[in-house]
Amino acid sequence: MKIAGVVLAGGLSSRYGQPKMFELFAGQPLYKHSLIALQKNQLDPLIIATNAHLQQMFEQEDVQWVIEEQPHQGPLFALHYLMKANPDVEWFFVVASDMPYMNADFIEKMLSKINDEYDAIVPRQAQRDQPLAALYRRTALPKAQQLTEQNKRSMKVLLEQVRVCYVPFEDNCLTFININAQQDWSQTTKKESNNE
């Protein structure tokens with residue numbers, strides 16, 4: 001069974017003011033934390049989904065590139081495009097490029113939940129679903145295609161229409177912190193000190 005590791009890195013970063021996936025955290029660009037977590041679990045192929053403008057800003061990576069023909073259409077469009085571009089892949093582990101605490105243990109735990117009964121495996125923390133740190137099976141493609149044709153952009157809409165395994169995580173788990181705006185960095189240091 002082929003499981004792809006995908007870093008979604010094609011966003012506008014409009015709230016951040018510049019492409020946030022290249023900001024440094026613990027000595028590495030943000031996107032690298034997601035990429036390394038997927039690499040450590042031997043997922044293959046490793047894919048960075050981005051747009052032509054951003055691609056030239058990445059370091060030289062040993063990955064496949066999926067370059068969105070229509071940039072900034074949102075994660076559901078990206079997932080649909082990825083599935084069509086990789087017909088031999090059964091599962092896609094999709095991770096956002098702006099999660100500084102993404103880690104290999106989280107990826108491993110989620111992979112252990114793979115089951116033919118589901119079309120998606122999604123973490124849940126404090127009653128919030130985390131669709132941008134989740135697994136999607138090829139069986140979700142027809143619904144994803146239908147929704148994109150209706151110009152729907154939300155992963156939530158997809159999850160309402162497929163079979164989902166929700167995996168609970170502790171409220172204080174740092175994995176799901178993501179950086180949307182400059183002030184979000186101060187929350188990372190606060191949460192770290194609360195966890196010590």
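Everything that follows concerns the structure shown earlier in this document.
Conventions we followed
- Starting afresh in each chain, residues are numbered from 1 along the sequence in its written order.
- Under the rules for a predicted model, residues below a pLDDT of 70 receive no local features and side-chain atom pairs below 80 are neither given nor counted, while totals for whole chains, interfaces and linings still include all residues.
- In computing side-chain properties, one takes all heavy atoms of the structure into account and sets aside hydrogens as well as water.
- Working definition: helices are DSSP H or I runs of at least four residues, strands are E runs of at least two. Numbering for both runs from the N terminus.
- Radius of gyration here is computed from C-alpha atoms only, and the compact-globule reference equals 2.2 Å multiplied by the residue count raised to the power 0.38.
- Each residue is assigned to one of three classes by its accessible area relative to the maximum for its type, calculated with a 1.4 Å probe on protein chains only: buried under 20%, partly exposed between the two thresholds, exposed over 50%.
- The contact criterion used is simple: two residues touch if any of their non-hydrogen atoms lie within 4.5 Å.
- A 1.4 Å probe and the Shrake-Rupley method give the accessible areas. Residues count as covered only by the protein chains that appear here.
- Residues scored as positive are Lys and Arg, those scored as negative are Asp and Glu, and His as well as the terminal groups of each chain are ignored.
- One atom stands in for each charge, and that atom is NZ of Lys, CZ of Arg, CG of Asp or CD of Glu.
- By definition here, a salt bridge exists when the distance from a side-chain nitrogen of Lys or Arg to a carboxyl oxygen of Asp or Glu is within 4 Å.
- Put simply, a nonpolar core is a bunch of buried Ala, Val, Leu, Ile, Met, Phe, Trp, Tyr and Cys residues held in one set by side-chain atoms that sit within 4.5 Å of each other.

Undergrad: Could you give an account of the overall build of the chain, naming the residues involved and the relevant values?
TA: A count of helical and extended segments in the chain gives seven helices and 10 strands. In terms of overall dimensions, the chain is globule-like: its C-alpha atoms have a radius of gyration of 16 Å, near the 16 Å expected for 196 residues. Across its three principal directions, the C-alpha atoms of the chain cover 45 × 35 × 30 Å. When burial is assessed residue by residue, the chain has 53% of its 196 residues classed as buried. In the chain, once contacts between residues fewer than 6 apart in sequence are set aside, the share between residues at least 24 apart is 69%. Split by element, the accessible area of the chain, about 9,800 Å² in all, is 46% carbon and sulfur. Distance from the positive charge centre (19 side chains) to the negative charge centre (23 side chains) of the chain: 6 Å.

Undergrad: If you had to explain the pattern of salt bridges to someone new, which residues and values would you point to?
TA: One pass over the structure, following the stated rule, counts eight salt bridges. The shortest N-O distance in the salt bridge between Arg-137 and Glu-90 comes to 2.8 Å. You can see Arg-137 sitting in strand E9 (residues 133–137) and its partner Glu-90 sitting in the loop between helix H3 (75–85) and strand E6 (91–96), a full 47 residues away along the chain. You can call Arg-137 buried: its relative accessible area is 10%. Classification of Glu-90 as partly exposed rests on a relative accessible area of 25%. Via salt bridges that share partners, Lys-32, Glu-59 and Glu-61 belong to a single interconnected network.

Undergrad: Break down the nonpolar core for me, with residues and values.
TA: One finds Phe-93, Phe-106, Ile-107 and Leu-135 to be the most contacted residues of the largest nonpolar core, which totals 33 residues. Where this core is concerned, the elements lending two or more residues are strand E1 (3–8), helix H1 (30–39), strand E4 (46–50), E6, helix H4 (104–111), E9 and strand E10 (164–169). When sequence neighbours within four positions are dropped, the list of residues in contact with Leu-135 reads Ile-3, Trp-91, Phe-92, Phe-93, Met-110, Leu-111, Ile-114, Asp-119, Ala-120 and Ile-121. Val-66, Leu-82, Val-122 and Val-164 belong to the second largest nonpolar core, which has 27 residues in total.

Nothing here speaks to function; it is geometry throughout.
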